[in-house]
Number of protein chains: 2
Amino acid sequence: MHTTPNRTQTRFGPTLADIADDVGLSSSTVSRALDPRRSLMVNTKTRELIAEAAERLGYRPHLPARSLMTGRTQTIVVIAADLGNPWVTPILHGVASRVAVDGIVPIIAETNNDSHVLAELINHMLARGVDAIIILAAQRQDAEVIESAGRIVPTVVAARNLLGVSVPVVTHDDRRGGEMVAEHFADLGHKLVVQLLGPSDVMNFLLRSEGFSTVVKRRRVRQLSIRDEAVQPTLEEGSRLMTKLFDSASELPTAVFAHNDAMAIGAMAAIREHGLGIPEDISVSGYNDMPLTEFLAPSLTTVHYPGWEVGHAAAEVALRLLAGEQGVESVCLDPVFIPRGSTRQMGDQRR
Amino acid sequence: MHTTPNRTQTRFGPTLADIADDVGLSSSTVSRALDPRRSLMVNTKTRELIAEAAERLGYRPHLPARSLMTGRTQTIVVIAADLGNPWVTPILHGVASRVAVDGIVPIIAETNNDSHVLAELINHMLARGVDAIIILAAQRQDAEVIESAGRIVPTVVAARNLLGVSVPVVTHDDRRGGEMVAEHFADLGHKLVVQLLGPSDVMNFLLRSEGFSTVVKRRRVRQLSIRDEAVQPTLEEGSRLMTKLFDSASELPTAVFAHNDAMAIGAMAAIREHGLGIPEDISVSGYNDMPLTEFLAPSLTTVHYPGWEVGHAAAEVALRLLAGEQGVESVCLDPVFIPRGSTRQMGDQRR
DNA sequence: CTGTTAGCGCTTTCAC
DNA sequence: GTGAAAGCGCTAACAG
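Residues numbered from 1 in each chain as written. Chains lettered and ligands numbered in written order. Predicted model: local features only at pLDDT ≥ 70, side-chain atom pairs only at ≥ 80, totals over all residues.

*Asks:* How do you make sense of the domain arrangement of chain A when you look at a structure like this?
*Replies:* Residue and element names in this part refer to chain A. Per the domain assignment, the segments making up chain A are domain 1 (7-61), domain 2 (72-172 + 307-334) and domain 3 (174-305). Put simply, the middle of domain 2 and the middle of domain 3, counted by C-alpha atoms, are 29 Å apart. Between domain 2 and domain 3, the contact holds 12 residues from the first and 11 residues from the second. Of the residues assigned to the side of domain 2 that touches domain 3, the class counts are 4 nonpolar, 6 polar and 2 charged. (Domains from an automatic or database assignment. Contact = placed C-beta atoms within 7 Å. Nonpolar A, V, L, I, M, F, W, Y, C, P; charged D, E, K, R; others polar.)

*Asks:* Please explain the environment of arginine 208 of chain A as it appears in this structure.
*Replies:* Residue and element names in this part refer to chain A. Secondary-structure assignment places arginine 208 in helix α9 (residues 203-218). Sequence separation of arginine 208 and asparagine 260 is 52 residues, and the distance between their C-alpha atoms is 9.9 Å. If sequence neighbours within four positions are ignored, arginine 208 has contacts with Asp174, Gly177, Gly178, His259 and Tyr287. (Helix = DSSP H or I, 4+ residues; strand = E, 2+ residues; numbered from the N terminus.)

*Asks:* What should I look at first to understand the sheet that holds strand β7 (residues 222-224) of chain A in this one?
*Replies:* The pairing of strands in a sheet comes from backbone hydrogen bonds and takes either a parallel or an antiparallel form. Residues and elements named next belong to chain A. As summarised here, the arrangement of the 4 strands in space is β7-β6-β8-β9, forming an open sheet in which the pairing is parallel. The open sheet has two edge strands, β7 and β9 (283-285), and neither has a second partner. Between one strand and the next, the sheet's axes are offset by a mean angle of 25°, whatever the strand orientation. With 3 bridges joining them, strand β6 (residues 192-196) and β7 adopt parallel strand pairing. Within β7, the position partnered with valine 193 by the bridge is glutamine 223. Across the sheet, α9 touches β6, β7 and β8 (255-258), and the angle it forms with β6 is around 170°. (Pairing = 2+ DSSP bridges. Axes fitted to C-alpha atoms, helices over the stretch in contact; angles between N-to-C directions.)

*Asks:* Help me understand the relation of the copies chain A and chain B, please; the structure alone is not making it clear to me.
*Replies:* For the pair of chain copies, the relating operation is a rotation around an axis with a shift along it. Its rotation angle being 180°, the transformation that places chain A on chain B also includes 0.1 Å of axial translation and leaves an RMSD of 0.1 Å. Both copies of the chain, as the preceding transformation shows, are related through a two-fold rotation axis. Most of the interface of chain A is mirrored in chain B, where 100% of its interface residues again form contacts. (Least-squares fit on C-alpha atoms with pLDDT ≥ 70 in both.)

*Asks:* I tried to follow the packing of helix α1 (residues 16-23) of chain B against helix α3 (residues 44-57) of chain B on my own but got confused; where do I start?
*Replies:* The packing of two helices is summarised by the inter-axis angle and the distance between the axes. Residues and elements named next belong to chain B. At a closest axis distance of 10 Å, the pairing of α1 and α3 adopts a crossing angle of 120°. What the angle tells us is that α1 and α3 run oblique. The chirality of how α1 crosses α3 is right-handed. When α1 is examined against α3, the residues Asp18, Ile19, Asp22 and Val23 are found in contact with a partner set consisting of Leu49, Ile50, Ala53, Ala54 and Leu57. (Parallel < 35°, antiparallel > 145°, perpendicular 65-115°, else oblique. Left-handed = near helix turned anticlockwise from the far one by under 90°.)

Shown next as structure tokens:
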């Protein structure tokens, strides 16, 4: 005897065919009725009937199957270097806020600044068929991998700048940010300054450094060199570099530009440990304007990094590429300098 | 005329069939050769031939198609409440380190503490066919949604505790942590203390509060009440609650237990603004031991939250469920109390 | 408006 | 060892 096969026992729960059986229609009609873009092609009563059955059976579309036909997964991946860095969160939120409008879900992955991990991750995401890739974790040595990803799927480099790739880059003007810090130091009358360098395989730090040095030279301010750079742009490394300066320098600077806020906080700890006051003895500027900086004692002078805007713009660019638009341009946003309590006029002795 | 169809122009790049055509074998054999688990079923020379062709053509498996047959996506999703909270990063790393061993890629999503978003996200992830779900964003009102997710796919609640669900919960002993802070305050001779409460729909804060209050009562220490709680456990809210205390209390406490480090930092800022010193006038303890706390001035007394271990254990539990193991148990890890500079003995006047 | 048919790329029987 | 055929759940082309 040949009974109706029990389709409710499939691997993924009820399918379109189950609904079709239930209401006595074909699975194509059910497919149409359930797709908002095509549901007007089907009779209103039929549509309601189907919607009811879908609801009742607890139907849930099987996205992998759908993507097999459509070639789209409605997914965009954001690859960050280090999710522990508070700097990335606003960027992620900016991305999410833009793509949500198009019903796309951003998924997030992390490289820990390891280029191999980045390459593997990109490969995996291509295999998953993500619709676009936004890379926040670009390092100098990643250009090739990123370039070739860009040939397969819409790819955009954001937040961390990268030269020599043909994919669009969404970033902000790190060079200008570095200049702003140097101008601030010069305006305050500092005559001997130093930079705590971030890792040089990240373009942003290189640009900050260049901008800073250019203005310092123009304004005839002397610059010390530590002859070392942070392995990672962390608090610990900021502290290490500052300590190294104390141990090696014959003269002490009166102002320190740390390439990000975490390093600045580490440097401040080292300065205090050395028995000096901030900003009485040494002024300190960070970079990024991360959440805490305003609440530190003293509050940290820094450059505001427009993370949300960068994320939003990166998503916009990715969606344009995805829509097949030609000639999509790179974007560069402006930094804003935020003077606070950790820097002061030379010769000002107030506590 | 009937020419060979040009298969290299398919939607997703070269397929198994393309490789099969290239080497003159069937796609079944190619499939077997490329799957490490079945590759020994195929002749060594054939296998090498196929591997070479795959490499040369730039073959990449199409995961959605594969998952259609296997029912597995090799994907596990971690749903966090707020990626800006540094507390989550170690948890994510713990998860990643465990699942990587099994070739599974964790993807990350965020709810912003919105229960609707959580429900939608879970739904979406089920539709994607993820193999397991780890939820770090559980709130009291989410129990039902989580429970029903658990019936469909291996699901584990981690980090934030949740009562009344049958899915395993991986957490740490928040009650004990709260007790530790209270014992510390009592040991230092404090007689009047206060808590800055985190949002009560998150179990962890409730438990911290209960543990703290129990010990405070037992040790005959008086406890003030602000009659308010943080909307979100943020720096701003910590500052707001502390300010509210200053505005309303007739007596000031000598020790403050903020339910997490961010709130503690906000509270410290408010205390300073009120012209009081930490710890001379008021001792402050946070909770979590987030990265910066050690470097604050004064360094923050806190309770260490074993995030990495929680993440690792949660992943372990998820993988066991995925493997079909029965009777998988919940896990509860121990807190470690970290006394630092923001708390001191009553009557100790040293700066 | 609805049904039929075909097929996305892959794995999996079941033959040989 | 290898191949042929079927089918996972879905959408798209084409009839009617």
